[in-house]
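Here is what each chain is made of, one letter per residue.
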Amino acid sequence: MADTRIDVIGIGSTVYDMLMVVNRFPQEDTKQRGLETRIQGGGPCATALVAASRLGLTTAYMGTVGDDSFGQYMLDDLNRWGVDTSHMRVEHGAVSYHSAVLLNQETGTRTCVWNPGTVHPPEPEQLDERALRACRALHLDGHMLDAAIHAAEICHEAGIPVCLDAGGVYPGIERLLPLVSLLIPSEEFALRFTGEATAENAALCLMQRYHPQVIVITQGSRGGLILDEHGLRRYASFPVRVLDSNGCGDTFHGAFLAGFLGGMQADDACAYASAAAAIKCTRLGARQGMPCDGECRAFLAERGLLLNPASSSRKSSMEDEAEGARR
């Protein structure tokens, strides 16, 4: 895959997750039997890349792991799910990012305890500029910020869409936002970062400050907001019986990119991404539970929602501009 054009390159978090299902959240200083345990790859950026890969895109991860057992697992797991790892760095003697996740069967919620380890993010000069200029989109999650900003500058200059999963208000994130064309913040981020009282006002504030092509504010089970040249409106989520919510937000981001690069407008891309996230919630495993394209379309069709066939067969105007810039 390293010699072919990559649809989406990601720079950000990849995590080794130990996932345990419990019938209820444990009390402190007690012992409790777990119902099921799984080891899996996690992290917002890396998991979104897996989702995009499952939905038919070629993807690559451009970050760092340690040479410990956590890092080796993540390297093997990304390869297993079709994510190109030829641009990854493996740091000798470093401890990789890892976490323990409890899934509360009683409430359908998750609790995560994480350790960032000791890995160093790639330096800007260590990034493969040629690969970045040849990709169709760059996906970031706010981690490895200096490398992310450098990559975003390259892609922004080349007219390549830069997508940001803005889940947390990390120090320096305001340096990245002017380079982002597809801004997908959580409601928590949008309110905290802007200081606005409502998600609607936060969306308008972010658009006024940074002028991305589209803003999608995610609000979990309440769906969310879309703001672009067509104005501000809502998109819906889909009620399902939740088995495992871990990774559903990352699935949304990867699916939104798959829809966008497939030519969908924002409303269709959000419906497609919401379907992917909902299906994932009904299955155990952040990556094992991800749907394919046919499952997402069937899920929507069962609910009377058909994607615009014209929008799924053409490139976006931004992609056309990027193609012209490369020529």
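Above this text you will find the structure in question.
Just so we're clear, the structure is a prediction, and the values are computed from it rather than from any experiment. (Residues numbered from 1 in each chain as written. Predicted model: local features only at pLDDT ≥ 70, side-chain atom pairs only at ≥ 80, totals over all residues. Heavy atoms only, no water.)

Undergrad: Go over the overall build of the protein chain with me, naming the residues and quoting the values.
TA: Each helix and strand counted, the protein chain has 10 helices and 15 strands in total. For the protein chain, the C-alpha atoms occupy an extent of roughly 60 × 50 × 40 Å along the three principal directions. Here the protein chain holds 327 residues, and 55% of them are scored as buried. Contacts in the protein chain between residues far apart in sequence, at least 24 positions, make up 65% of those at least 6 positions apart. Side-chain charges in the protein chain split into 28 positive and 40 negative, and the spacing between the mean points of these groups amounts to 6 Å. (Helix = DSSP H or I, 4+ residues; strand = E, 2+ residues; numbered from the N terminus. Buried < 20%, exposed > 50% of the residue type's maximum accessible area, 1.4 Å probe, protein only. Contact = heavy atoms within 4.5 Å. Lys, Arg positive; Asp, Glu negative; His and termini not counted. Charge placed at Lys NZ, Arg CZ, Asp CG, Glu CD.)

Undergrad: Summarise the pairing of strand E10 (residues 137–140); cite the residues concerned and give the values.
TA: Here E10 shows no split at all, with Ala-137 and His-139 on one side and Leu-138 and Leu-140 on the other all buried. Here 4 bridges tie strand E1 (residues 8–11) to E10, and the two strands are oriented parallel to one another. Looking at the pairing, Ile-11 lines up with Leu-140 of E10. As paired elements, E10 and strand E11 (residues 162–166) share 3 bridges and run parallel to each other. When the bridges of E11 are listed, Leu-138 appears paired with Val-162. Chirality of the crossover, the property in question, places the unit of E10, helix H4 (residues 145–157) and E11 among those that are right-handed. (Pairing = 2+ DSSP bridges. Right-handed = clockwise from strand over helix to strand, strands pointing away.)

Undergrad: Break down the sheet that holds strand E9 (residues 109–115) for me, with residues and values.
TA: In spatial order, the strands read E3-E2-E8-E9; together these 4 strands make up an open sheet with mixed pairing. Among the strands making up the open sheet, the edge pair consists of strand E3 (36–42) and E9. Direction aside, neighbouring strands of the sheet carry axes that sit 20° apart on average. (Axes fitted to C-alpha atoms, helices over the stretch in contact; angles between N-to-C directions.)

Undergrad: Talk me through the nonpolar core; I want residue IDs and the actual numbers.
TA: One finds Ile-11, Leu-138 and Phe-256 to be the most contacted residues of the largest nonpolar core, which totals 95 residues. By residue number, the principal contributor to this core is helix H8 (residues 266–281), which donates 11 residues. In this view, Leu-138 contacts Ile-9, Ile-11, Leu-132, Ala-151, Ala-152, Cys-155, Ile-160, Pro-161, Val-162 and Cys-163; residues no more than four positions away in its chain are not counted. In this structure, Leu-19, Val-21, Val-101 and Leu-103 belong to the second largest nonpolar core, which totals 5 residues. (Core = buried A, V, L, I, M, F, W, Y, C linked by side-chain atoms within 4.5 Å.)

Undergrad: Tell me about the sheet that holds strand E13 (residues 214–218), and name the residues and values.
TA: Strand pairing in a sheet relies on backbone hydrogen bonds. The paired strands run either parallel or antiparallel. Pairing is mixed across the open sheet formed by 9 strands, whose spatial order is E6-E4-E1-E10-E11-E12-E13-E14-E15. Across the chains shown, the open sheet's two edge strands, defined by having one partner strand only, are strand E6 (83–84) and strand E15 (231–235). Where helix H1 (residues 44–54) meets the sheet, its contacts fall on E1, strand E4 (59–61), E6, E10 and E11, and the angle it forms with E4 comes to roughly 160°.

Shape descriptors only; they carry no functional weight alone.
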